[in-house]
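# Summary of structural features
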Amino acid sequence: MRVLSGVQPSGILHIGNYFGAIRQFVELQRTHECFYFLADLHALTTVQNASQFRGLSRDLAAGFLAFGLDPSKSVLYRQSDIPEVTELYWYLSTVASMGLLQRCHSFKDKVAQGVVPNHGLLSYPVLMAADILIVNSNLVPVGKDQKQHLEVTRDVVSSFHTTYDCEVFTLPEPLILDDVAVVPGIDGRKMSKSYGNTIDIFGPEKPIRKRIMSLVTDSTPVEEPKPTEDNALYQLLKVFAPKSETEWVEHAFREGGTGYGTIKKRLFEYFIETFGEARTRYDELQKDPAEIERVLASGAEKARRTVGPLMDSVRSAVGMR
Ligand code: AQP
């Protein structure tokens, strides 16, 4: 079973990225052959400032390594280092349905939030299909927001196979864990870089603490029980709290007597317990950018070797060769 997934270097890693995707990446590398990439071409659909963009891929790679992705077990690479991905993207674009792309929730949500769409944003799921298909992956660990994009991939596969009367691609399945399918941001919407509601994992502790303390809550008085439904603070505690703390969390919400301020402070403690070690490693890794580049170059080499045979079949299927 081959696993593939990616994260966009469009900002600092946030806790939605970790619980929704990266934690599974680390687990899966124990049992599967894994390909993980920095989706830098995707990120260009939102970050269009060269000096801001330049360092983001390396920061993300440092994050991957800090969380325990091991280059001897997983293939780690930059999307843009594999030019075959954009070639495949084009072949797939010519069989992808426009209507399907226009109906994608992620595209519609971004437009509804005021993002002025470019063609890249619309065709993002086709590039994602190329990422997935090019390494013949069977399993794609993602957050729920990407479920529909996986359906686009499957649709594109069927369309390509029908158009060219062939069977070159492996049909991939998403891997989505229910309890962390959508990690909420500090305003209760899906945590997302483009909504500005993230809690970052790396960077100085003080602003992160401030961010957690600014989580939007209602005005339930300290002595009263707190609602748990649609409560971002409660959902985040459920994601973070170790099993031994479950009782404390339930008591704090259901019994009354514990204020939101106290609960947020506890959430910050869980944050440090969960990420303290990775944060230290991240700072260490940042001191050696050449080593990160070496890991990525070696990953790109392995990935390019892997994609060769599939690309030969695709070129032959469309009549390019
Ligand atoms: N809030 C979330 N809950 C669960 N999973 C999430 N993921 C992202 N946000 C959440 C998962 O993280 C992986 C990498 O995401 P990405 O950064 O490549 O793209 P994204 O999903 O578009 O993340 P953002 O923060 O929302 O980025 P922008 O705003 O730039 O589009 C994916 O598997 C994703 O599901």
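Residues numbered from 1 in each chain as written. Predicted model: local features only at pLDDT ≥ 70, side-chain atom pairs only at ≥ 80, totals over all residues. Heavy atoms only, no water.

### Thoughts on the overall build of the protein chain
If you tally the helices and strands in the protein chain, you get 14 helices and five strands. Computed over C-alpha atoms, the radius of gyration of the protein chain comes to 21 Å, within 12% of the 20 Å expected from 2.2 N^0.38 for 321 residues, which places it in the range of a compact globule. With respect to the three principal axes, the spread of C-alpha positions in the protein chain is 75 × 45 × 40 Å. Taking all 321 residues of the protein chain together, the buried fraction comes to 50%. Long-range pairs, those at least 24 residues apart, make up 78% of the contacts in the protein chain with a sequence separation of at least 6. For the protein chain, the accessible area works out to roughly 15200 Å², and carbon and sulfur atoms hold 50% of it. Charge-centre separation for the protein chain: the mean point of 36 positive side chains lies 3 Å from the mean point of 40 negative side chains. (Helix = DSSP H or I, 4+ residues; strand = E, 2+ residues; numbered from the N terminus. Rg over C-alpha atoms; globule rule 2.2 N^0.38 Å. Buried < 20%, exposed > 50% of the residue type's maximum accessible area, 1.4 Å probe, protein only. Contact = heavy atoms within 4.5 Å. Areas by Shrake-Rupley, 256 points an atom, 1.4 Å probe, with all protein chains shown as cover. Lys, Arg positive; Asp, Glu negative; His and termini not counted. Charge placed at Lys NZ, Arg CZ, Asp CG, Glu CD.)

### Quick notes on the site of the ligand
Around the ligand lies a shell of 23 residues, among which Lys 110, Asp 145, Ser 192, Lys 193 and Ser 194 are the nearest. His 14 places a polar side-chain atom, nitrogen or oxygen, 2.7 Å from an oxygen atom of the ligand. One nitrogen or oxygen atom from the side chain of Asp 145 is found 2.5 Å from an oxygen atom belonging to the ligand. Relative to its unbound accessible area of 640 Å², the ligand is 97% covered by the protein chains. Elements with a contribution of two residues or more to the shell around the ligand: strand 1 (2-7) and helix 1 (15-28). Here the shell around the ligand gets four residues from one element, more than from any other, and that element is helix 1. Residues that form the shell around the ligand fall into these classes: eight nonpolar, 11 polar and four charged. (Near = heavy atom within 4 Å. Polar contact = N/O pair within 3.5 Å; in protein donor to acceptor, adjacent residues only side chain to side chain. Nonpolar A, V, L, I, M, F, W, Y, C, P; charged D, E, K, R; others polar.)

### A few points about the packing of helix 4 (residues 56-66) against helix 14 (residues 289-318)
At their nearest, the axes of helix 4 and helix 14 sit 10 Å apart, and the two run at 80° to each other. Taken together, the axis directions place helix 4 and helix 14 in an arrangement best described as roughly perpendicular. For the pair formed by helix 4 and helix 14, the contact residues are Arg 58, Ala 61, Ala 62 and Leu 65 on the first element and Pro 289, Ile 292, Glu 293, Val 295 and Leu 296 on the second. Of the residues contributing to the contact of helix 4 with helix 14, the split by class is seven nonpolar, no polar and two charged. (Axes fitted to C-alpha atoms, helices over the stretch in contact; angles between N-to-C directions. Parallel < 35°, antiparallel > 145°, perpendicular 65-115°, else oblique.)

### Side note on the domain arrangement of the protein chain
Domain parsing of the protein chain yields domain 1 (2-182 + 289-318) and domain 2 (202-283). For domain 1 and domain 2, the distance between their C-alpha centres works out to 31 Å. Contact with domain 1, which involves 14 residues of that partner, is made by 10 residues of domain 2. Contact between domain 1 and domain 2 buries roughly 1000 Å² in total, counting both sides, with carbon and sulfur atoms accounting for 77%. (Domains from an automatic or database assignment. Buried area = accessible area lost by both parts, 1.4 Å probe.)

### Focus on the nonpolar core
Nonpolar side chains tend to gather and get buried jointly when the protein is soluble and globular. Grouped together as the largest cluster of nonpolar side chains are 58 residues, with contacts concentrated most on Ile 15, Phe 64 and Phe 67. The greatest single-element share of this core, amounting to 10 residues, is contributed by helix 13 (residues 260-286). Counting the residues that make up this core, at least three belong to each of domain 1 (2-182 + 289-318) and domain 2 (202-283). Ala 39, Tyr 77, Ile 82 and Ile 132 belong to the second largest nonpolar core, which has 45 residues in total. (Core = buried A, V, L, I, M, F, W, Y, C linked by side-chain atoms within 4.5 Å.)

### Focus on helix 4
Among the 11 residues that make up helix 4, nine are buried, leaving the element largely enclosed by the rest of the structure. Taken as a whole, helix 4 has its buried residues at Leu 56, Ser 57, Leu 60, Ala 61, Ala 62, Gly 63, Phe 64, Leu 65 and Ala 66. Of the residues trailing helix 4, Gly 68 is marked for its positive phi of about 110°.

### Points about helix 11 (residues 232-240)
For an α-helix, the turn length of 3.6 residues means that residues three or four places apart are oriented alike. Most of helix 11 sits out of view: seven of its nine residues are buried. Taken together, the buried positions of helix 11 are Ala 232, Leu 233, Tyr 234, Leu 236, Leu 237, Val 239 and Phe 240. The opening residue of helix 11 is Asn 231, an N-cap whose side-chain oxygen sits 3.1 Å from the backbone nitrogen of Leu 233.

### Digging into the environment of Ser 93
Structurally, the position occupied by Ser 93 is in helix 5 (residues 83-93). When its relative accessible area of 22% is taken as the criterion, Ser 93 is described as partly exposed.

### What about the packing of helix 5 against helix 14?
To characterise two packed helices, one gives the angle between the axes of the helices and the distance between these axes. Helix 14 packs onto helix 5 with a crossing angle of 25° between their chain directions and a minimal axis gap of 10 Å. Overall, the two elements helix 5 and helix 14 adopt an arrangement that is roughly parallel. Between helix 5 and helix 14 the crossing geometry is left-handed. In contact with Pro 83, Glu 84, Glu 87, Leu 88 and Tyr 91 of helix 5, helix 14 contributes Arg 304, Val 307, Leu 310, Met 311, Val 314, Arg 315 and Val 318. (Left-handed = near helix turned anticlockwise from the far one by under 90°.)

### Details of the packing of aromatic side chains
The final tally for this structure, using the stated rule, is 18 aromatic pairs. Between Phe 67 and Phe 202 the ring centres are 5.6 Å apart and the planes differ by 45°, which places this aromatic pair in the tilted class. With a gap of 135 residues between them, Phe 67 in the loop between helix 4 and strand 3 (74-78) and Phe 202 in the loop between strand 5 (173-175) and helix 10 (205-213) connect regions that are remote in the sequence. Both residues of the pair, Phe 67 and Phe 202, count as buried. Chaining the aromatic ring pairs together yields one cluster made of Tyr 18, Phe 19, Phe 67, Phe 202, Phe 240, Phe 268, Phe 271, Phe 275 and Tyr 282. One residue, Arg 189, lies across the ring of Tyr 195, its end atom 4.4 Å from the ring centre. (Phe/Tyr/Trp six-rings, centres within 6.5 Å; stacked < 30°, edge-to-face > 60°. Lys NZ or Arg CZ within 6 Å of the ring centre and 35° of its normal.)

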